[in-house]
Amino acid sequence: MNVEPVTKVEKLFEWIDEMALAIQKHKDITYLEALAETGENLLDLEIKQLLPFEEKKKLEQQLKEEIPKEVQKEDVRKSFQLAVIKGMKEAVQPHHAMTPDAVALFIGYLAQKLTAQKDTLTVLDPAVGSANLLSAVLNQLSQTVVGYGVEVDETLLHIAYVLSELQEHHVELFHQDSIEELAVPPVDVVVSDLPIGYYPKDDVAESFQLKAETNRSYVHYLMIEKTLQHVKDGGFLLLLIPNTMFEMDGNDRLQKYIKEHAFTLGLLQLPASMFTSEQFGKSIWMLQKKGEGVKQPNQALLAELPSFSRYEALLDMTKQIDKWLKDQGFAK
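The rules we used
- Residues numbered from 1 in each chain as written.
- Predicted model: local features only at pLDDT ≥ 70, side-chain atom pairs only at ≥ 80, totals over all residues.
- Heavy atoms only, no water.
- Phe/Tyr/Trp six-rings, centres within 6.5 Å; stacked < 30°, edge-to-face > 60°.
- Buried < 20%, exposed > 50% of the residue type's maximum accessible area, 1.4 Å probe, protein only.
- Helix = DSSP H or I, 4+ residues; strand = E, 2+ residues; numbered from the N terminus.
- Pairing = 2+ DSSP bridges.
- Salt bridge = Lys/Arg side-chain N within 4 Å of Asp/Glu carboxyl O.
- Core = buried A, V, L, I, M, F, W, Y, C linked by side-chain atoms within 4.5 Å.
- Contact = heavy atoms within 4.5 Å.
- Polar contact = N/O pair within 3.5 Å; in protein donor to acceptor, adjacent residues only side chain to side chain.
- Axes fitted to C-alpha atoms, helices over the stretch in contact; angles between N-to-C directions.
- Parallel < 35°, antiparallel > 145°, perpendicular 65-115°, else oblique.
- Left-handed = near helix turned anticlockwise from the far one by under 90°.
- Nonpolar A, V, L, I, M, F, W, Y, C, P; charged D, E, K, R; others polar.

We now examine the packing of aromatic side chains. Per the stated rule, a full pass over the model turns up 6 aromatic pairs. Ring geometry for Tyr 218 versus Tyr 221: centroids 5.1 Å apart, planes at 70 degrees, classification edge-to-face. As far as the burial class goes, Tyr 218 and Tyr 221 line up, both buried. Members of the aromatic cluster, joined through ring pairs, are Tyr 198, Tyr 218 and Tyr 221.

This is the structure:
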């Protein structure tokens with residue numbers, strides 16, 4: 001027995017999915033590529049692809065009559081997130097992965113708290129993917145914000161473009177390798193679910209302080225170094241990192257580099273229940289770049305977050321974090 005969609009998110013996802021499947025079938029492209037074209041159709045409120053007459057007519061009618069007229073930015077993001085996750089199951093590229101929704105929202109909450117005293121902001125995700133994390137953060141910021149996203153995968157960048165446009169975010173996107181080239185101005189905040197692994201371009205890594213002394217360099221070490229250079233003095237980095245990162249080769253040099261250029265504000269370990277195995281566990285690493293008037297916190301915020309499904313425990317944790325931020329002078 002089929003159950004009719006009951007929320008705007010479900011209704012929008014149903015249309016997005018049906019549209020993407022139709023484009024995928026008739027253009028013989030991947031679901032993710034079809035999803036990007038679907039986003040453009042939704043953006044322009046018309047179907048541009050050559051589809052069978054009856055199928056196109058049905059989808060156009062749904063677009064004009066059934067898609068909720070007042071769709072909130074978060075509804076758009078969540079609808080596309082569901083579709084992107086579906087597409088990533090089809091894809092075989094190892095970098096096709098998405099930051100869990102609850103984590104993206106929590107990073108947005110931290111960004112909002114840390115920057116509460118600023119009226120304007122610039123935010124960068126150097127591995128933006130489909131822009132789910134960047135969108136979740138921008139949706140929680142009340143300031144005038146310009147976002148920047150960098151991505152090597154053209155299909156994901158296309159999705160990032162339509163998702164940003166549909167949510168009416170001012171986002172500039174760059175199709176490039178953010179380690180080799182980062183053509184963005186200095187920013188106030190960096191958010192990123194860091195890609196983990198080895199960086200293939202040894203000649204590019206050669207100019208980095210955190211390059212490997214032997215063999216290939218870690219892409220996540222290089223990205224930390226690169227983004228720290230692109231954060232304004234006093235700016236913040238909110239990075240999703242593996243719990244094993246501080247046990248990796250070269251960790252001593254990473255720690256030394258961080259101490260020279262930034263302060264660790266906190267390390268928040270995500271609930272173990274979010275991961276299939278302890279070895280895949282992750283944490284949110286909060287950094288502030290050194291600069292005039294920037295002080296090391298009296299005590300770094302070290303905590304293990306409760307399950308995001310345990311509302312009362314999570315509420316208690318956010319109260320503790322709010323108090324810590326206020327004690328450090330971040331909150332108004």
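Attention shifts here to the pairing of strand E4 (residues 187-193). Counting buried positions over the 7 residues of E4 gives 7, a clear majority of the element. In this sheet, E4 lies alongside strand E1 (residues 120-125) in parallel orientation, the contact comprising 2 bridges. Across the sheet, residue Val 123 finds its bridge partner in E4, namely Val 189. Bridging between E4 and strand E7 (residues 231-242) involves 6 bridges; their strand directions are parallel.

Using the criterion set out here, one finds 15 salt bridges in the structure. In this structure, Lys 118 engages Asp 188 in a salt bridge whose closest nitrogen and oxygen atoms are separated by 3.8 Å. Here Lys 118, found in the loop between helix H5 (101-114) and E1, pairs with Asp 188, found in strand E4; they are 70 residues apart in sequence, far enough to count as distant. Overall, Lys 118 belongs to the partly exposed group, its relative accessible area being 37%. One connected set of salt bridges, linked through shared partners, spans Lys 118, Asp 188 and Lys 232.

This brings us to unusual backbone geometry. In terms of backbone geometry, most residues other than glycine have negative phi values and most peptide bonds are trans. The residue Leu 45 is not glycine, and still its phi comes out positive at about 55 degrees. Inspection of the secondary structure puts Leu 45 in the loop between helix H2 (31-44) and helix H3 (53-65). Relative accessible area serves as the criterion here: at 54%, Leu 45 is assigned to the exposed category. Notably, Glu 168 is not glycine yet its phi reads approximately 60 degrees, a positive angle. Position of Glu 168 among the secondary structure elements: in the loop between helix H7 (154-166) and strand E3 (171-175). Overall, the relative accessible area of 66% leaves Glu 168 in the exposed class.

What follows deals with the nonpolar core. Core analysis: the largest hydrophobic core is formed by 42 residues, its most contacted members being Phe 106, Leu 110, Val 191, Leu 268, Ile 284, Met 286 and Ile 321. The leading source of residues in this core is H5, at 8 residues. Setting aside its immediate chain neighbours within four residues, Ile 321 contacts Phe 106, Tyr 109, Leu 110, Leu 268, Leu 301 and Leu 305. Membership of the second largest hydrophobic core comes to 35 residues, among which are Val 150, Ile 224, Ala 262 and Trp 285.

Within the secondary structure, Leu 302 is located in strand E10 (residues 301-304). Taking the C-alpha atoms as reference points, Leu 302 and Lys 319, 17 residues apart in sequence, are found 14 Å from one another.

Here we come to the side chain of His 169. Along the chain, the position of His 169 falls in the loop between H7 and E3. We classify His 169 as buried; its relative accessible area is 11%. A distance of 2.7 Å separates a polar atom in the side chain of His 169 from a polar atom in the side chain of Asn 139. Excluding its chain neighbours within four sequence positions, the residues that come into contact with His 169 are Lys 73, Ser 135, Leu 138, Asn 139 and Ser 164.

Judged by pairing direction, the sheet is mixed, and its 8 strands sit side by side in the order E3-E2-E1-E4-E7-E9-E8-E10 without closing on themselves. Single-partner strands in this sheet number two, and they are E3 and E10. On average, each strand axis in the sheet is inclined to that of its neighbour by 15 degrees, with strand direction left out of account. Inspection of the sheet shows E7 paired to strand E9 (residues 282-289) by 7 bridges, in the antiparallel sense.

What follows covers the packing of H5 against helix H11 (residues 311-327). It is the contact of H5 with H11, at a shortest axis distance of 11 Å, that shows an interaxial angle of 25 degrees. Here H11 runs roughly parallel to H5, going by the angle between their axes. Crossing of H5 against H11: the hand is right-handed. Every residue of H11 that contacts H5 at Phe 106, Tyr 109, Leu 110, Lys 113 and Leu 114 is listed here: Leu 314, Thr 318, Ile 321, Asp 322 and Leu 325. In the contact of H5 with H11, the residues fall into 7 nonpolar, 1 polar and 2 charged.

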